[in-house]
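Results of the structural survey
Okay, here's what each chain looks like letter by letter:
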Amino acid sequence: MKIENPAKISTKKSKTKKIDRVETSLKESSRDLSLFKFKSGAVVALVLFVVFGLLNSLFEGKVVAKLPFKPFGIVMKMSHRGLQGDDATDCSMAFLYFLCSISIRTNLQKFLGFSPPRGAAAGGGLFPMPDPKTN
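Quick notes on the rules
- Residues numbered from 1 in each chain as written.
- Predicted model: local features only at pLDDT ≥ 70, side-chain atom pairs only at ≥ 80, totals over all residues.
- Heavy atoms only, no water.
- UniProt positions renumbered as here; feature names shortened; annotations may be inferred.
- Helix = DSSP H or I, 4+ residues; strand = E, 2+ residues; numbered from the N terminus.
- Buried < 20%, exposed > 50% of the residue type's maximum accessible area, 1.4 Å probe, protein only.
- Areas by Shrake-Rupley, 256 points an atom, 1.4 Å probe, with all protein chains shown as cover.
- Salt bridge = Lys/Arg side-chain N within 4 Å of Asp/Glu carboxyl O.
- Phe/Tyr/Trp six-rings, centres within 6.5 Å; stacked < 30°, edge-to-face > 60°.
- Expected span 1.5 Å × (residues − 1).
- Bend = angle between axes of the 7 residues up to and from the residue.
- Disulfide = S-S within 2.5 Å.
- Core = buried A, V, L, I, M, F, W, Y, C linked by side-chain atoms within 4.5 Å.
- Contact = heavy atoms within 4.5 Å.

In the nomenclature of an unreviewed UniProt entry, the protein chain is known as Calcium load-activated calcium channel of Citrus clementina. Reading the Sequence similarities (unreviewed entry) entry of the UniProt record for the protein chain gives the comment "Belongs to the TMCO1 family."

The next thing to look at is the overall build of the protein chain. A count of helices and strands for the protein chain gives four helices and two strands. Counting from the amino terminus, helix and strand elements in the protein chain follow one another as α-β-α-β-α-α. In the protein chain, which comprises 135 residues, the proportion classed as buried is 14%. Carbon together with sulfur atoms contributes 65% to the accessible area of the protein chain, which is approximately 11100 Å² in total.

Looking now at the pattern of salt bridges. Following the criterion strictly, the structure yields three salt bridges and no others. Between lysine 66 and aspartate 87 there is a salt bridge, with the nearest N and O atoms lying 2.4 Å from each other. Linking lysine 66 in strand E1 (residues 65-66) with aspartate 87 in the loop between helix H2 (73-79) and strand E2 (90-91), this pair joins segments that are 21 residues apart in sequence. Lysine 66 sits in the exposed class, given a relative accessible area of 53%. Classification of aspartate 87 as partly exposed rests on a relative accessible area of 31%.

This model, assessed by the stated rule, comprises one aromatic pair. Ring geometry for phenylalanine 52 and tyrosine 97: centres 5.2 Å apart, planes at 55°, overall tilted. Taken together, the positions of phenylalanine 52 in helix H1 (residues 6-58) and tyrosine 97 in helix H3 (residues 93-111) put the pair 45 residues apart, joining distant regions of the chain.

Moving on to the UniProt feature "transmembrane region" (unreviewed entry) in the protein chain. In the numbering used here, UniProt assigns the feature "transmembrane region" (unreviewed entry) to residues 40-59. Secondary structure content for residues 40-59 is 95% helix and 0% strand, while the C-alpha to C-alpha distance between its ends is 28 Å.

The next point concerns H3. Over its 19 residues, H3 extends only 24 Å from the first C-alpha to the last, a length that falls short of the 27 Å expected when each residue adds 1.5 Å. Along H3, the sharpest change in direction is near 50° and occurs at isoleucine 104. Turning to H3, its buried residues are Met93, Ala94, Phe95, Tyr97, Ser101, Leu108 and Gln109.

Counting across every chain of the model gives zero disulfides. Residue cysteine 91 stays outside any disulfide, its sulfur separated by 9.1 Å from that of cysteine 100, the closest cysteine. Since its relative accessible area comes to 1%, cysteine 91 is described here as buried. According to the relative accessible area criterion, cysteine 100 is partly exposed, its value standing at 37%.

Glancing now at the nonpolar core. Val44, Leu48, Met93, Tyr97 and Leu108 together form the largest nonpolar core, which totals five residues. When contributions to this core are tallied by element, the ones reaching two or more residues are H1 and H3. Per-element tally for this core: the top contributor is H3, with three residues. Discounting chain neighbours no more than four positions away, the residues touching methionine 93 are Phe52, Leu55, Asn56, Phe59 and Val64.

Rendered as structure tokens:
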């Protein structure tokens, strides 16, 4: 029968407690980051929604661009939304706004100060790192 050193046992308990504290802190930080991302997404969506309403009232029924191609099916319905006439290359404000909002969403988040730190986005995402303790 092997008897372990009491100092070794207390060191193991100390390490276990420290790991638990770090894990708890990590869970709280992760929750805070998720809440922050949700708030920033809501603010950006609200800003884009208000701008869309303003632009839609200003450019309702007006051709704002000419497409260099004839769009197909559902894309044509979106690009020609609210316009009179049969020219499929006419582009409405809603379609142009949709294309622009996709490209400027990230920059708008940075401008408004809602983008998370660079390292924070690397850890999460669609495929997070597996937890080594679960194996």
